[in-house]
Amino acid sequence: MNIILKHAAFFCFSCLLMISLQINGAVSKITYRGWTGCYQLSNDSVSVTIVAQSGGRVLQYERNGTNVIYENNSLNGKLLNDYISTGFDPDGGRFDYGPEDYTSKIHFLTWMGE
C-alpha cells in the first residue's frame, strides 16, 4: 500500500473537516464503538469522529445532535484481520478516491486499516 497516498487522502479529508468545524473547535482522542485512538473534532454544532486505525474512516458526523452516518453495531471495533477472515462491508463514511478500476484492489487495505 502506498503510504503517501493513504496519508494524502487523510490530510485532504481532515482539511475539509476543519473547515466544517471552523475556528472554535476542539480535538480529543477517544475510544468510540470499540476502536481505540479515535479523534473527535467538535464545536458547538458539529462533531466528527475519525478512526485512525482504519485509514481515517469517518465513524460519526453529528450535526445539532443527529448522527447522519449509518452505524452497524455488529461491526464495532473490527479491523483488517476481521475483514480478511469474515469479509464484511464496513459502515461509516468512506470518502473514496479513484479511478475505481485502479484503486478497487487496494480499498480494503485503506478502509480496514492495520
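Residues numbered from 1 in each chain as written. Predicted model: local features only at pLDDT ≥ 70, side-chain atom pairs only at ≥ 80, totals over all residues. Heavy atoms only, no water.

> What is the right way to look at the pairing of strand 2 (residues 35-42) in this model?
Successive side chains on a regular strand alternate, one facing one side of the sheet and the next facing the other. As paired strands, strand 1 (residues 26-32) and strand 2 are joined by six bridges and run antiparallel to one another. Across the sheet, residue tyrosine 32 finds its bridge partner in strand 2, namely tryptophan 35. Taken together, strand 1 and the strand that follows it, strand 2, pair antiparallel across an intervening segment of two residues, in which arginine 33 is found at a positive phi of about 55°. As consecutive antiparallel partners, strand 2 and strand 3 (residues 46-51) are separated by three residues. (Pairing = 2+ DSSP bridges. Helix = DSSP H or I, 4+ residues; strand = E, 2+ residues; numbered from the N terminus.)

> So what exactly am I meant to see when it comes to the side chain of arginine 33 here?
Considering the arrangement of structural elements, one finds arginine 33 in the loop between strand 1 and strand 2. Since its relative accessible area comes to 13%, arginine 33 is described here as buried. Those residues in contact with arginine 33 that lie beyond four places of it in its chain are Leu59, Glu71, Asn72, Asn73, Asn76, Gly77 and Asp91. (Buried < 20%, exposed > 50% of the residue type's maximum accessible area, 1.4 Å probe, protein only. Contact = heavy atoms within 4.5 Å.)

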